Every structure is written in C-alpha cells, then in structure tokens.
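The primary structure of each chain is shown beneath.
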Amino acid sequence: MRKHLICMCALFLLSLAGLGISHHSVRQGEQITFTEHRVTGQLAAAEGLTINVSATQNGAPLYWETAFSPGQTPHTKVQLYPTRPSVGGGAVIPSEIREQIPDIFEGFLLEDTIYWIPDLRSDPVYNRFGNQAGIYRLPFTQEKLSFEALELLAPMPEQFELYQFCPLPGNDAILLLTVEKGLFHIRILDTTTGTELLSTPLWPYEEGWDGMLFGETFLLPMHDSGKFQLYARENHGCYCLRFAGQLPQETAFLPMYYAQPQTAAFDGTRLAIAGGVTSGMLDGPHSCGFSLAVFDESGTEYAGVFDSSLDLTDTELPDLYRLDQSWSPLSLHWAHPISP
C-alpha cells in the first residue's frame, strides 16, 4: 500500500512538471501573429473577412484558437479541449434500423426522416414504385419501421456511380454527386418536395476530382488542377452558376487541395478560399499557416500565404505545433454577406 502511494505521488509530481512545460509553451505562443507573403493583388480585397485558425501542440491537449481579420491584430485564445460547435448534417442510421431497410446502399438520418439510395431494389417494398432507382425516404418515429409510409423522393438514372450523398447546411437540401456517362454530375434536391434545385454535368471523370466545398448559400466543386465552379443559391431557392475560376498556379496553392484542410465563404459577390500548407511551402515539416485567395466575377482579386508565429516558437522541435487535424482547423466568415 505504501509503495502504491509513493508511486501515485511520483506520477502526480511528474504530471505537474508536464503541465509546467506545457504552460511555458503556451506563454511563448499565446498571441499568434501571421506574416503575409503576397502572391498577387492586394489584401484589401479581403476586407470584412475573418479567418479562424485552430492549431494544437503535438502530444498535448492544448489548442490555439486565433481569429484574424486583414488589417487588424489577431486575437488568440489558448484552451484545453475547446468545445466545438455542431456542424449539422445528417446522422448515421443506427445499425439496428439499417438492418431493416432492404437493399440499402447509402443513406443518412435527418431529424425524423431516413433518406437512402437502394442498390438492387429487389425487395417487394419497392414494387409499387416500379423498382425505380432513386432516393427514398421514410419517417423515423419508432424503432420498427413501417414501410407503408415509404416515398420515392426523386428518381435517378439506372446507371450511375455514387460519389457523395449528404444534406447541405440548413438541412433543407440534399447534395448528390455521381458519375454518369463518364461525367461528374451534381444534383441538389429539396428535402421536402424532391424538386431539383440544381442538376448539371461538370467535367469528364478522367480529369479527376478534388473535393466539394459548400455553405448555406453556395456550392463549390473543385477540380484536381485547381479549377472551380461557384454555384450560388438564388431567391427562388435554385442554384445558378455565378462564375468559374482557377487557383493561382504557385506551389503554395495547388497542394492545399491534396488532403489539406480547406474551406470557403461567399458574401454574394466575393468568394474566399483558404487552405492549409505543407512541407516545402513554408519553413518546417509542418505549418500552422494558411493560404488565402479571394475571387469575384472578374477573376483573382488577391492571393497570399501566411506564416504563423507558432512555427517559429521552438526551432529545436519543428513538429511541436500544427493545424488541428481532428477538426476543421480553418473557417471563414464575411462580416456583411449580401442576400441573393
């Protein structure tokens, strides 16, 4: 028993020592600053934009939450395990419920309704819909499902490859990304009526796909080469193409679309895109900095890369700090978005 107490005391003292070391690191990087490396344009094009950057100390539960607005001093909060806001989106269908849905291929639970795409449609529950390929929905009010309330929300082509199926922010529309006849194809559907708010082919499958960024008022499909198309939601609810663009071809920008954190915001006229940066773009094998580009219908208004002072805090331990990969470490917000 006495040995046990001695060991416990020793561990307690070691933990205090560890906290002391961590506290020293916190003091070194408490207020983060960013150094701009301009590629093109003027930073004034990003006036009214706030970039939120979340960085962490490797091996410790310490987080630096920094809000940075061009032309203003960044403000940093250092926290232990900060509370993360809910990002919305559909929930995973519980396994015991999923097992009751015949031929389910992909689906999600949104509030009190299950949305799914069946694969074979061989079960009798699909007979009254002519075994039609499509998106089906069913109210979810109890553990045992009643397929009498089953609805075909929207039909789909017989031949397609599914890439993405999820609700959009606001939960009033569904995003469906497929490959059809060798082309990437986007559909956005109203969750209540199934009305198509957008249906458009993009580019050939062979050209590659990088990802999709979206917010409550826009959708941004990204090409491997850095090309993008901006679709904005209009007053009538449908999505229309506003403009297309191309990220700068400098090395600092293209790699941000290869498994790096990325985010975007649209204020009605200006589109901002931010992404993480990797080894070779800034000093050190990891970086707490970011790249930023601002566009409008005329083209690229601004592009630049920002070093973080956290990267320079400890030159002997270059891996000590990095963007928080367990969360979306970058987010953008325009102060005065313009209504569609």
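1. Focus: unusual backbone geometry
Look at Asp103: it is not a glycine, yet its phi comes out positive at around 60 degrees. Tracing the backbone through its elements, the reader meets Asp103 in the loop between α2 (95-98) and β5 (104-110). Even without glycine at this site, Lys181 takes up a positive phi of about 55 degrees. One can find Lys181 in the loop between β10 (173-180) and β11 (183-190).

2. Thoughts on the packing of aromatic side chains
As enumerated under the stated definition, the model contains 18 aromatic pairs in all. Considering the side-chain rings of Tyr163 and Tyr205, the 6.3 Å spacing of their centres and the 80 degrees angle between planes classify their relative orientation as edge-to-face. Of this pair, Tyr163 sits in strand β9 (residues 161-167) while Tyr205 sits in the loop between β12 (196-204) and β13 (211-214), and the two are 42 residues apart along the sequence. The interplanar angle of 45 degrees and the centroid separation of 5.6 Å between the aromatic rings of Phe184 and Tyr205 together place this pair among those described as tilted. Residue Phe184 is located in strand β11, and its partner Tyr205 is located in the loop between β12 and β13; the two are separated by 21 residues in the primary sequence. When its relative accessible area of 1% is taken as the criterion, Phe184 is described as buried. Among the aromatic side chains, those forming a connected cluster through ring pairs are Trp116, Tyr126, Phe129, Tyr136 and Phe147.

3. Observations regarding the sheet that holds strand β6 (residues 113-118)
Hydrogen bonds between backbone groups are what pair the strands of a sheet, and the pairing can be parallel or antiparallel. Reading across from one edge, β5-β6-β7-β8 is the order of the 4 strands in this open sheet, with antiparallel pairing throughout. Looking at strand neighbours, the two that pair on one side only are β5 and β8 (151-155), the edges of this open sheet. Sheet twist, expressed as the mean angle between neighbouring strand axes with direction ignored, is 25 degrees.

4. With respect to the pairing of β10
Among the 8 residues in β10, 8 count as buried, and that is most of the element. Side chains of β10 alternate between two faces, with Ala173, Leu175, Leu177 and Val179 and Ile174, Leu176, Thr178 and Glu180 buried alike. Once β9 ends, the chain turns through 5 residues before running back antiparallel as β10, passing Gly170 with a positive phi of about 100 degrees. Bridge count for β10 against β11 is 8 bridges, and the pairing is antiparallel. If you follow Thr178 over to β11, its bridge partner there is His185. Counting the residues that bridge the hairpin from β10 to β11 gives 2 residues, and of these Lys181 lies at a positive phi of roughly 55 degrees.

5. What to know about the pattern of salt bridges
Within this structure, the stated rule accounts for 7 salt bridges. Put simply, Arg137 and Glu151 hold a salt bridge, and the shortest N to O gap is 3.0 Å. Residue Arg137 is located in strand β7 (residues 134-139), and its partner Glu151 is located in strand β8; the two are separated by 14 residues in the primary sequence. Residues joined by salt bridges that share partners form a network here, namely Glu180, Arg187 and Glu196.

6. Describing the confidence of the model for the protein chain
Looking at the protein chain, the pLDDT average stands at 81 and 77% of residues meet or exceed 70. Here residues 1-29 scores under 50 on pLDDT; set against residues more than four positions off or in separate chains, the count is 13 contacts. Confidence drops under a pLDDT of 50 for residues 279-285, and excluding neighbours within four residues, the segment shows 13 contacts in the predicted structure.

Thresholds, definitions, all that
Each residue is numbered by its place in its chain's sequence as written, counting from 1. Restriction of local features to residues with pLDDT of at least 70 applies here, the model being predicted, together with a cutoff of 80 or more for giving and counting side-chain atom pairs; totals for whole chains, interfaces and linings are based on all residues. The side-chain quantities take in all heavy atoms of the structure and omit both hydrogens and water. For the purposes of this entry, the term helix denotes a DSSP run of H or I that reaches at least four residues, the term strand denotes a run of E that reaches at least two, and both are numbered from the N terminus. Two aromatic rings, drawn from Phe, Tyr or Trp (for Trp, its six-membered ring), form a pair once their centres lie within 6.5 Å of each other, and the interplanar angle then sorts them: stacked below 30 degrees, edge-to-face above 60, tilted otherwise. The buried label goes to any residue with under 20% of its type's maximum accessible area, the exposed label to any with over 50%, and the partly exposed label to all in between, with areas taken from a 1.4 Å probe on protein chains only. What makes two strands pair is DSSP finding at least two bridges between them. Axis definition: a line fitted to C-alpha atoms, over the contacting stretch in the case of helices. Angles run 0 to 180 degrees between N-to-C directions. Definition used for salt bridges: Asp or Glu carboxyl oxygen within 4 Å of a side-chain nitrogen of Lys or Arg. Within a predicted model, pLDDT stands for the predictor's per-residue confidence, ranging from 0 to 100. We call two residues contacting when some pair of their heavy atoms lies within 4.5 Å.

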